[in-house]
Amino acid sequence: MIHSLFLINASGDIFLEKHWKSVVSRSVCDYFFEAQERASEAENVPPVISTPHHYLLSVYRHKIFFVAVIQTEVPPLFVIEFLHRVVDTFQDYFGSTNVGDQLPTGQLSVVPWRRTGVKYTNNEAYFDVIEEIDAIIDKSGSTITAEIQGVIDACVKLTGMPDLTLSFMNPRLLDDVSFHPCVRFKRWESERILSFIPPDGNFRLLSYHVSAQNLVAIPVYVKHNINFRDSSSLGRFEITVGPKQTMGKTIEGVMVTSQMPKGVLNMSLTPSQGTHIFDPVTKLLTWDVGKINPQKLPSLKGSMNLQAGTSKPDENPTINLQFKIQQLAISGLKVNRLDMYGEKYKPFKGIKYMTKAGKFQVRT
Amino acid sequence: MLSLPPVQKLLRPKSVAGSDVAEEVTSPVLATEAGPPTCYSALRADELRPLAAPKDEVAASTGQPPRHDDLKEMLDSNKDSLKLEAMKRIVAMIARGKNASDLFPAVVKNVACKNIEVKKLVYVYLVRYAEEQQDLALLSISTFQRGLKDPNQLIRASALRVLSSIRVPIIVPIMMLAIKEAASDMSPYVRKTAAHAIPKLYSLDSDQKDQLIEVIEKLLADKTTLVAGSVVMAFEEVCPERIDLIHKNYRKLCNLLIDVEEWGQVVIINMLTRYARTQFLSPNQNESLLEESAEKAFYGSEEEDTKDAKAEAASLAKRKPYVMDPDHRLLLRNTKPLLQSRNAAVVMAVAQLYFHLAPKAEVGVIAKALVRLLRSHSEVQYVVLQNVATMSIKRRGMFEPYLKSFYIRSTDPTQIKILKLEVLTNLANETNISTILREFQTYIRSMDKDFVAATIQAIGRCATNIGKVRDTCLNGLVQLLSNRDELVVAESVVVIKKLLQMQPAQHSEIIKHMAKLTDNIQVPMARASILWLIGEYCEHVPKIAPDVLRKMAKSFTNEEDIVKLQVINLAAKLYLTNSKQSKLLTQYVLNLAKYDQNYDIRDRARFIRQLIVPTEKSGALNKYAKKLFLAQKPAPILESSFKDRDHFQLGSLSHLLNAKAVGYQELPDWPDEAPDPSVRNVEVPEWTKCTSREKRKEKVEKPFYSDSEGESGPTESADSEPESDSEESGSSSSSGTSSSSSDEEDEEEEEEEEEGSGEQSEDKEGEEEEEKRKKRKEKGGPWKASPGSVGSEEEEEAEGKKVKKAARPQGKKSHAETSSEEASASESSSSGSDSGTEAPTVVEAKRRKTPSSKAGPKEISLLDLDDFTPPPPQPVPSSSIISTSLVTDLEGLTLTDTSLAPALLSPAFGAVRTYELLHRMAGEGLSVEYCFSRRPFPGDPHMVAVQIQISNNTDAEVKSLRVSEPKLLAGMRIQEFPEIESLAPGDTASVVMGIDFCDSTQTANFQLCTHTRHFYVSIQPPVGELMAPVFMSENEFRKEQGKLTGMSEITEKLTLPEKCRSDHAIVQQVTSAANVGRVPCGADNEYRFAAKTVTSGSLVLITLEWREGAAAQLTVNSEKMVIGTMLVKDIIQALAQ
């Protein structure tokens, strides 16, 4: 199990350490720094590093490495998952404004995830159904793979020990789900109803996955014309973003990013809406589009200055897309009803739907 | 939130660090000791180290003497707030790695402090420094001993935790005593802490093992979920070899598992995997007998692991029918739902359990869960992919359906890309290889060059494993040799070298091409590879080889060492085969090498000179020089680095590192004979024999921990009735007062809305009255009249939305309120108080009205259907599979050579080949033939229509002829023909069935059933039937052809036989071999045909160029490379006939 934990910031300082057994010297982190140097980018540092006497398992989040020191065999995911929970807890704790007096005063409750004696004057339960589309679109615009990653995040502030059931109009969609431990497996298996005593406050009730084998609607399309010409040092660049299968909803928060090849020195582009930036150092093009108006499709056109004298780059950049659609769960998932048992009062209940782009890539 | 003691301990120092000024008195530590700790806090004390050196270093590095007078003063004060502040600062120092050991005496005094906050921080300090200041630490022991007797379970537990964490050997006996006592504490929480303390004590003094095992045995018998995970952890750390301790607890652990906290689940599942491997028989030993043969035929080239083969042999010998031990089944059944855990470690644990323990047919269930984990953090992905890579070698079929989930994004970190590539390569087979290669083609254009290099290697591996695409891959790789990026070229050279070694004779062209590359490629490994190739196959390139040597001799001194070694090698080989031309060069090279700086090279030169240049002294070896150098070398096997990694338990650190980690428990092999299963029997009295304390405890737990025993309690039973049940059940369950009549129910329901809106205006009252009336009316109906009346706002909201939705198409845009349902709910209820806003009331009224008009159950369900948003349709791939008649129509319009039209027509309807599906003998009088009618299959354009002709040659009637149990590869589909009810003797029936072959020539296996018999039959399509003609103009054809070059183009030369030298014959033969349409062509010695594959609609373009005499060249362009390759073969064969 975990011997020690070191927190290392972006500039390579160990700014926090914790030992659960005998102290392990910080110098063990040198192995980690070595590996970090070998990997060009932080995300390429191997999560498991073997050193002569220890194993270093790390996660990288918020520009901080959380490095756990292990001495004996342990399932690596056990440690990695745990470290992520640590980070989640930190985020929860430091992220909130009322640091200090809001820590759970967990009693030994029969329901391990819920403290006893919860009291609210306004009893409310909110559920957000959020779906992210991961997709790869090929150069001709057809979908190579598309899947949906959905979650139901809840904010439940209910007095006492409420016992909730949540049912869906189309539970068939949920054939690949993972639950918060509060959800009763058996009930789901037999009736496709989520039955649970909720933890107090914010939590993720369930996440689900609609796999690439199903048909996934793609709400946007990108028309692109990116041309490097062999002879000239100027290239053409043109992208248009438009809606497709949006169920009549507006696509907003659209953001286009693309990593241009090294040979591109600069770009002179004109967007029909929104703002764009090209960073000549990192070669990253960012176009903040905003809302898509179907009547007047946003486009970004112009030319690229290529390094003179070199031949044209043989790779075309990939276009990464972000967007948001309110009031829509693209899988079609719909909550049917929410009922509460075990308590007498009537809570206020709310459901919200949202679809977002996950890892959404268009190959050009 | 989670209860994670170690985390919260961590929180403390940080929060303190953030508030150096004493402004924050409230401590964030309250929860620390409270949450039920999980097994990860059962940290084992390390063996005692000498007093730590780091503290001096730290002190020195900070540059100031460790004097903390102010802190000491604060600790000595009477005020708790000052003490607390001091402790916070001290703990913060520790967290930042500063030395605070000199404060030990001042801190330890406060161990008895009444203030719980101070106390906790003192504990933190003690755990950190007690090991270094053992004598002083002893001062605190009596406090803990007192704590162990405290009436508060939390204090008892925390005293034990600290006592067992301070690593002072002198107190071992005290710890032992405390653990024993705590193990029979009435609080399960304290017992859990006792379990945590066991490994700590064991690591401090392993002589205590025997006594500790006794405690473990006792705690293993504990029946609370709280203890289970922790005690199994202790078991694993102290006595993993005592598998006998598990027997009696096995079934209990299986049954408790689902309710154990997640970290405990991981530990228990891993332990039970090992246990099962010692106690049960392999579930696959007999299955391999039955399935293996079928599967082998199915997958053809799939290599079967030796273990299975062994099992097969063993079971053949024994022939004892395998029956799974019910306990084995119990484990599989009870772990399966945990695949849906949110915890990746739990999912992985179950996955490895299934992989190692489940019958082959059941292992598949884990694939979906593992693929789901791929969406998690990249570290999780990394570990999961490593495990998938190992699994996919052994059980490829399992992940095949998820192929696309392993496609690579440009934003993936390189290490993830490379692992995904590994999995994709493992999953490649004859069916999907063209898809995979196409995907690889896009990867080759990536900006990430490491990844490109890995892709090239992956292509090499696909080429070795799947003979069918070897040439295609090789051609593709050769094209990469002209890539601008040197790394890409170099990697290609290395891979090509390996591929060529498999069949060098046919590829002298490629070797020549590579010889030219020595002028340009600078990467040493690539240069070395080229030189080796030329040397090895110098007889294939007799002219070029000496010239290459000449050039290399010139640049010898500037080459890297590996290149120099290969130059020497080349020289030696040439000398042996072609000494006339290369003698001098060889001597020159050897002389240069003789004076090289590197002793390896000098050594090699000396060795080779002796070996190849005959002198008086050289002796016998010289005769064999040629044999030594030019021996047949076995082709390298390009295999996955994950092969056979599954001898490590999956999911383990050792598996990930591919090396045994400290403390790794070997996964035992299945026993040949099952040990006595009765050891797991538990006597009934033992089950019920629990103390009153436990009974009480369990009673409380029941509702939450006993899902398996069915739901209990009134609330549960109420809502467990089906949704569509009568109105009463719905209302009673939601109102919570089952006695209330439906009218009362309404009242309540309205009140609920009032509560929601906070206030209620007069205006709304009337309106609501009306609604109530309506509702009452509705209730007269037989059906759950209005969902609104069921008492759930949710329902109402949903209903409201339905109405809104329904209204919209009719042009009635209700009002601006369309945001979320949450918004709609709050707005509609609060708008009542707004007194007079029209819109919401309209909506509300409508909301209630609409359902009322839908009286019958049918209509309701229709409404539901309307509302159900079906998964939106995928953009239909522009399938231009035009019916043959249309093609001919169009062709008639544009074809210049109209005389050809009949020839085009004929293959579809005339020269149709029939194949036998079931011979008369085999079918016991029933004979079945099939042909490919080349008509579009009605109903599904992605299916190939297969016309089946069934003749009944028996003298009895054959009844209910049908297709059943198709056994298809992933992705393939069958549309069965409608059942033939009866077929009279001598009759013949013709039916059409559709098969989606997924653009592959894999066989579709299915059974043909009659009322009495089942016949196993299979249909394998010729590649030419997997497509349908498509019409295009000459220009279009050229344009498309231009896009399909490179790896997608296959060219072959052929000689046309005498009878095939007319336009008519050529067209006839090509169209009979493949279902293609002719494309007009200006040149009169060229023939073009086009088609699209039926499933994916990929273009297949055929060009036949007839040169003078009998020579001709056939080119097929298709992104489906496999299809292209096979098609070329088929067409050539057809033309040769």
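Residues numbered from 1 in each chain as written. Chains lettered and ligands numbered in written order. Predicted model: local features only at pLDDT ≥ 70, side-chain atom pairs only at ≥ 80, totals over all residues. Heavy atoms only, no water.

### Examining the overall build of chain B
Thought 1: Of the regular secondary structure elements, chain B holds 51 helices and 15 strands.
Thought 2: With 1137 residues in all, chain B has 56% of them scored as buried.
Thought 3: By sequence separation, contacts in chain B at least 24 residues apart represent 69% of the contacts at least 6 residues apart. (Helix = DSSP H or I, 4+ residues; strand = E, 2+ residues; numbered from the N terminus. Buried < 20%, exposed > 50% of the residue type's maximum accessible area, 1.4 Å probe, protein only. Contact = heavy atoms within 4.5 Å.)

### Examining the pairing of strand 15 (residues 1111–1118) of chain B
All names here are of chain B.
Thought 1: The element strand 15 is extensively covered by neighbouring structure, given that 7 of its 8 residues are classed as buried.
Thought 2: Relative to strand 15, strand 11 (residues 1049–1055) is paired through 7 bridges, and the arrangement is antiparallel. Across the sheet, L1054 pairs through a bridge with A1112, a residue of strand 15.
Thought 3: Between strand 14 (residues 1099–1106) and strand 15, which follow one another and run antiparallel, lie 4 residues, and G1109 among them has a positive phi close to 70°. (Pairing = 2+ DSSP bridges.)

### Section: the pairing of strand 8 (residues 163–168) of chain A
Residue and element names in this part refer to chain A.
Thought 1: With respect to burial, strand 8 is a largely interior element, 6 of its 6 residues being buried.
Thought 2: Along strand 8, one buried face is formed by D163, T165 and S167 and the opposite face, lined by L164, L166 and F168, is buried too.
Thought 3: Examined bridge by bridge, strand 8 and strand 20 (residues 335–341) share 6 bridges and lie antiparallel to one another. Looking at the pairing, L166 lines up with L338 of strand 20.
Thought 4: Sheet analysis places strand 8 next to strand 10 (residues 193–196), joined by 4 bridges and oriented antiparallel. Counted as the bridge partner of L164 is F196 from strand 10.

### Quick look at the pattern of salt bridges
Thought 1: Applying the stated criterion across every chain, the model contains 54 salt bridges over all chains.
Thought 2: For R363(A), the salt bridge is made with E439(B), and the minimal N-O distance between the two is 2.6 Å. Pair noted here: R363(A) is in the segment after strand 21 (348–362) and E439(B) is in helix 25 (residues 433–444), and the two residues belong to different chains. Neither R363(A) nor E439(B) differs from the other in exposure class; each is buried. (Salt bridge = Lys/Arg side-chain N within 4 Å of Asp/Glu carboxyl O.)

### A closer look at the environment of D1130(B)
Residue and element names in this part refer to chain B.
Thought 1: Tracing the chain through its elements places D1130 in helix 51 (residues 1121–1136).
Thought 2: For D1130, a relative accessible area of 25% translates into the label partly exposed.
Thought 3: Setting aside residues no more than four positions away along its own chain, D1130 makes contact with V1023 and A1073.

### Topic: the packing of aromatic side chains
Thought 1: By the definition in use, this model includes 26 aromatic pairs over all chains.
Thought 2: The interplanar angle of 25° and the centroid separation of 5.0 Å between the aromatic rings of Y250(B) and Y275(B) together place this pair among those described as stacked. Pair noted here: Y250(B) is in helix 14 (residues 250–256) and Y275(B) is in helix 15 (residues 262–279), with a separation of 25 residues, a long-range link. Judged on exposure class, the residue Y250(B) and its partner Y275(B) are both buried.
Thought 3: Relative to F280(B), the ring of Y250(B) has its centre 5.9 Å away and its plane inclined at 70°; by these criteria the two rings are edge-to-face. Here Y250(B), found in helix 14, pairs with F280(B), found in the loop between helix 15 and helix 16 (287–299); they are 30 residues apart in sequence, far enough to count as distant.
Thought 4: Y250(B) gets classed as buried once you look at its relative accessible area, which sits at 0%.
Thought 5: Classification of F280(B) as buried rests on a relative accessible area of 1%.
Thought 6: One aromatic cluster is present, built from ring pairs that chain together F32(A), F33(A), Y60(A) and F65(A).
Thought 7: We note R395(B) situated over the ring of F355(B); from NZ or CZ to the ring centre the distance is 5.7 Å.
Thought 8: Here R680(B) stacks its cationic end above the ring of Y250(B), 5.6 Å away from the centre of that ring. (Phe/Tyr/Trp six-rings, centres within 6.5 Å; stacked < 30°, edge-to-face > 60°. Lys NZ or Arg CZ within 6 Å of the ring centre and 35° of its normal.)

### Side note on the confidence of the model for chain A
Thought 1: With 93% of its residues at a pLDDT of at least 70, chain A reaches an overall mean of 88.
Thought 2: Every residue in residues 97–106 of chain A is under pLDDT 50, and counting partners more than four places away or in other chains gives 13 contacts. (pLDDT = per-residue confidence, 0-100.)

### Section: the sheet that holds strand 2 (residues 14–19) of chain A
In a beta sheet, neighbouring strands are held together by backbone hydrogen bonds and run either parallel or antiparallel to one another.
All names here are of chain A.
Thought 1: Strand order in the open sheet made by the 5 strands is 2-1-5-4-3, with antiparallel pairing throughout. Bordering the open sheet on either side are strand 2 and strand 3 (48–50), each of which pairs with just one other strand. Taking the axes of each pair of neighbouring strands and ignoring which way they run, one obtains an average angle of 20° across the sheet.
Thought 2: In this structure, strand 1 (residues 2–8) lies alongside strand 5 (residues 64–70), joined through 6 bridges in antiparallel fashion. (Axes fitted to C-alpha atoms, helices over the stretch in contact; angles between N-to-C directions.)

### Observations regarding the packing of helix 26 (residues 449–465) of chain B against helix 27 (residues 470–480) of chain B
All names here are of chain B.
Thought 1: Following both chains from N to C, one finds helix 26 and helix 27 inclined at 155°, their axes separated by 8 Å at the closest point. The orientation of helix 26 with respect to helix 27, classified from their angle, is roughly antiparallel. Both helix 26 and helix 27 take part in a crossing whose hand is left-handed. Only R470, C473, L477 and L480 of helix 27 make contact with helix 26, whose side of the interface consists of I456, I459, A463 and T464.
Thought 2: Here the residues of the contact of helix 26 with helix 27 sort into 6 nonpolar, 1 polar and 1 charged. (Parallel < 35°, antiparallel > 145°, perpendicular 65-115°, else oblique. Left-handed = near helix turned anticlockwise from the far one by under 90°. Nonpolar A, V, L, I, M, F, W, Y, C, P; charged D, E, K, R; others polar.)

### Digging into unusual backbone geometry
Glycine aside, residues mostly have negative phi angles, and peptide bonds mostly take the trans form.
Thought 1: Phi angles above zero are rare outside glycine, and K63(A) is one such case at about 60°.
Thought 2: Its location among the elements puts K63(A) in the loop between strand 4 (55–61) and strand 5.
Thought 3: Looking at K63(A), the relative accessible area reads 59%, which means it is exposed.
Thought 4: Within the chain, R167(B) stands out as a residue other than glycine whose phi angle is a positive 55°.
Thought 5: Turning to its location among the elements, R167(B) is positioned in the loop between helix 8 (153–165) and helix 9 (172–183).
Thought 6: Residue R167(B) is classed as buried on the basis of its relative accessible area, which comes to 2%.

### Section: the sheet that holds strand 10 of chain A
Residue and element names in this part refer to chain A.
Thought 1: Spatially, 10-8-20 is the arrangement adopted by the 3 strands of the open sheet, whose pairing is antiparallel. This sheet does not close on itself; its edge strands, each paired only once, are strand 10 and strand 20. Direction aside, neighbouring strands of the sheet carry axes that sit 15° apart on average.

### Focus: helix 9 of chain B
Residues and elements named next belong to chain B.
Thought 1: With 12 residues, helix 9 should cover 16 Å at 1.5 Å per step; its first-to-last C-alpha distance of 16 Å lies within 8% of that length.
Thought 2: If you check which residues of helix 9 are buried, you get V172, M175, M176, A178, I179, A182 and A183. Each buried residue of helix 9 sits inside an arc of 165° when the element is viewed along its axis, so together they form one side. Summarising the geometry of helix 9, the exposed residues directed more than 90 degrees from the buried face are P173 and L177.
Thought 3: Considering only its buried residues, helix 9 is in contact with helix 8, helix 10 (188–204) and helix 11 (209–220). (Expected span 1.5 Å × (residues − 1). Arc of directions from axis to C-beta.)

### Section: the side chain of K83(B)
All names here are of chain B.
Thought 1: Residue placement: K83 occurs in helix 4 (residues 80–95).
Thought 2: Despite its burial, K83 pairs with no opposite charge, the nearest such side chain being D80 at 4.7 Å.
Thought 3: Residues contacting K83, with those up to four places away along its chain left out, are M74, L75, S77, N110 and V118. (Lys, Arg positive; Asp, Glu negative; His and termini not counted.)

### Points about a nonpolar patch on the surface
Thought 1: On the surface, L621(B), Y624(B) and L628(B) cluster together to form a nonpolar patch covering roughly 310 Å² of accessible area.
Thought 2: By relative accessible area, L628(B) is classed as partly exposed at 49%. (Patch = residues over 30% accessible without salt bridge, like charges linked within 9 Å, V, L, I, M, F, W, Y side chains within 5 Å. Areas by Shrake-Rupley, 256 points an atom, 1.4 Å probe, with all protein chains shown as cover.)

### What about the nonpolar core?
Thought 1: Ranked by size, the top nonpolar core spans 324 residues in total, and within it F127(A), L205(A), F360(A) and F406(B) carry the most contacts.
Thought 2: The biggest single contributor to this core is helix 19 (residues 344–357) of chain B, with 12 residues.
Thought 3: Those residues in contact with L205(A) that sit more than four places away from it in its chain are F127(A), I152(A), L166(A), S178(A), F179(A), H180(A), C182(A), V183(A), L194(A) and F196(A).
Thought 4: Counting 62 residues, the second largest nonpolar core, distinct from the first, contains V944(B), F977(B), L1056(B) and L1127(B). (Core = buried A, V, L, I, M, F, W, Y, C linked by side-chain atoms within 4.5 Å.)

### Focus: helix 12 (residues 225–238) of chain B
Thought 1: When the terminal C-alpha atoms of helix 12 of chain B are compared, their 21 Å separation across 14 residues agrees well with the 20 Å that a helix rising 1.5 Å per residue should span.
Thought 2: By the criterion of burial, helix 12 of chain B is predominantly enclosed, with 14 of the 14 residues buried.

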